[in-house]
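# Overview (structure and organization)
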Amino acid sequence: GFESSSEEDISEGEGIILDQIPTLPDDKTLRKKLAGVAKTGSEQPGVIYVGRVPHGFYEHQMRAYFSQFGDIRRLRLSRNRKTGHSKHYAFIEFASSDVAQIVADTMNKYLMFGHILQVRTIPTAQVHEHLFKGANSRFKPVPRNKIEARKLRLGTDREGWEKRSEREKKRRESKAEKLKALGYEYEAPSLRSAKDVLTKGADENGAAQVEAAKEEEVVQALPEPATQEPATETRSLTVVQTEPHSVTVTEQVTIKKAKKDAGKVKKGKKTKTAAA
């Protein structure tokens, strides 16, 4: 319920450069209240919530401004864990609950740097024990890119690669089942085990074993040669008498080749003429 409606800032720096800290509202009633609290104020701390914090109004600017009301024990500006960008809301704990109430009454709906602040007190019973975790310290985002780059440089061990292979195998099986449900039969190529990969600094025996495993896999992957049937030959003779004293003999040869050339039939004709 404390999230601001504003989007997170793309660029973050040291905040607004303030040559001079803005002063408190010029109100005589406010001055009298602060003077009275300074003399007979409550010693119990009070917490306020500040919403719609302007861009660039960060921890040290907020501390410098709100400390004009009274002593500040803890201050925490909510930030994104990954990027460190401001979420535009903060929590401030004052040494006196009376001062916290005065700040809430004075600064609520107060226009500051183009933003109307939302300030209210938080009852002591509703203050979470981890509300001010990391307060009074400069926030440093976790360098996730550097951490991942270091992991890539170091690499992983065989157990890590085996886990990756298992995950990839399950992913492929899941995709194959989905395709099968759609009517497509697809068998993904098998993954190679990490145990067969030669490690850095392995001896010659290890390299020979890996090479032998590679050759065995290649032999198993090769398809079995198809058996070829011998070619068949068919002959047919045709005798025709064209003239009274001559006979024409026509020989038709049909050769059927092996299966690899199935569908291709070679035909030939031989014509002989003999005199009677």
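Reading the values: the criteria
Residues numbered from 1 in each chain as written. Predicted model: local features only at pLDDT ≥ 70, side-chain atom pairs only at ≥ 80, totals over all residues. Heavy atoms only, no water. Pairing = 2+ DSSP bridges. Helix = DSSP H or I, 4+ residues; strand = E, 2+ residues; numbered from the N terminus. Axes fitted to C-alpha atoms, helices over the stretch in contact; angles between N-to-C directions. Contact = heavy atoms within 4.5 Å. Core = buried A, V, L, I, M, F, W, Y, C linked by side-chain atoms within 4.5 Å. Buried < 20%, exposed > 50% of the residue type's maximum accessible area, 1.4 Å probe, protein only. Polar contact = N/O pair within 3.5 Å; in protein donor to acceptor, adjacent residues only side chain to side chain. pLDDT = per-residue confidence, 0-100. Parallel < 35°, antiparallel > 145°, perpendicular 65-115°, else oblique. Left-handed = near helix turned anticlockwise from the far one by under 90°. Nonpolar A, V, L, I, M, F, W, Y, C, P; charged D, E, K, R; others polar. Expected span 1.5 Å × (residues − 1). Arc of directions from axis to C-beta. Salt bridge = Lys/Arg side-chain N within 4 Å of Asp/Glu carboxyl O. Patch = residues over 30% accessible without salt bridge, like charges linked within 9 Å, V, L, I, M, F, W, Y side chains within 5 Å. Areas by Shrake-Rupley, 256 points an atom, 1.4 Å probe, with all protein chains shown as cover.

### Side note on the sheet that holds strand S6 (residues 118–122)
- Pairing within the open sheet is antiparallel, and its four strands lie in the order S2-S3-S1-S6. Two strands lie at the open edges of the sheet, namely strand S2 (72–79) and S6, each paired on one side alone. Looking at each pair of strands side by side, their axes are set apart by 20° on average, direction ignored.
- Sheet topology places strand S1 (residues 46–51) next to strand S3 (residues 86–94); six bridges connect them, and they run antiparallel. Bridge pairing links Gly51 to Tyr89 in S3.
- Sheet contacts for helix H2 (residues 59–66): S1, S2 and S3; angle to S2, the most-contacted strand, approximately 145°.

### Considerations on the nonpolar core
- Core analysis: the largest hydrophobic core is formed by 28 residues, its most contacted members being Met62, Phe66, Phe69, Ile92, Phe94 and Met107.
- Those elements that place two or more of their residues in this core are helix H1 (28–40), S1, H2, S2, S3 and helix H3 (97–107).
- Here Ile92 is in contact with Gly46, Val47, Ile48, Val50, Met62, Phe66, Ile72, Arg74, Leu75 and Phe132, once residues within four sequence places are set aside.
- In terms of nonpolar packing, the next biggest core, distinct from the first, is built from eight residues, Tyr49, Phe91, Ile122 and Ala135 among them.

### With respect to the side chain of Asn80
- With respect to the secondary-structure elements, Asn80 resides in the loop between S2 and S3.
- In terms of polar contacts, Asn80 uses its side chain to reach the backbone amide nitrogen of Thr83, at 3.2 Å.

### Here's the deal with the confidence of the model for the protein chain
- Of all residues in the protein chain, 64% attain a pLDDT of 70 or more, and the chain-wide mean is 77.
- Per-residue pLDDT stays below 50 along residues 1–11; that stretch engages in 27 contacts with residues further than four places along the chain or on separate chains.

### Structural notes on the packing of H1 against H3
- Orientation of H1 relative to H3, taken along the N-to-C sense of each, is 170°, at an axis distance of 10 Å. Relative to H3, the element H1 lies roughly antiparallel. In the packing of H1 onto H3, the handedness of the crossing is left-handed. Seen from H1, the contacting residues are Leu30, Lys33, Leu34 and Val37; seen from H3, they are Asp98, Val99, Ile102 and Thr106.
- Of the residues that constitute the contact of H1 with H3, the class distribution is five nonpolar, one polar and two charged.

### Section: H1
- Over its 13 residues, H1 extends 19 Å from the first C-alpha to the last, a length consistent with the 18 Å expected when each residue adds 1.5 Å.
- Among the residues of H1, those classed as buried are Leu30, Leu34 and Val37. Considered in projection along H1, the buried side chains sweep an arc of 65° and stay on one side of the axis. The outward face of H1, more than 90 degrees from its buried face, is lined by the exposed residues Lys28, Arg31, Lys32, Lys39 and Thr40.
- Buried positions along H1 lie against H3.

### Things to note about H3
- Of the positions making up H3, those classed as buried are Val99, Ala100, Ile102, Val103, Ala104 and Met107.
- Against H1, S1, H2, S3, strand S4 (111–112) and S6 lie the buried residues of H3.
- N-capping of H3 is provided by Ser96, with a side-chain oxygen placed 3.3 Å from the backbone N of Asp98.
- Once H3 finishes, Lys109 follows within two positions and takes phi at roughly 60°, a positive value.

### A closer look at the pattern of salt bridges
- Summed over the entire model, instances satisfying the criterion amount to six salt bridges.
- Between Asp26 and Arg31 there is a salt bridge, with the nearest N and O atoms lying 2.7 Å from each other.
- Relative accessible area serves as the criterion here: at 66%, Asp26 is assigned to the exposed category.
- On the basis of relative accessible area, Arg31 is assigned to the exposed category, the value being 54%.

### A closer look at a nonpolar patch on the surface
- Taken together, the side chains of Leu179, Leu182, Tyr184 and Tyr186 make up a nonpolar region of the molecular surface, amounting to roughly 470 Å² of accessible area.
- Secondary-structure assignment places Tyr186 in the loop between helix H5 (158–181) and helix H6 (204–221).
- What makes Tyr186 exposed here is its relative accessible area of 52%.

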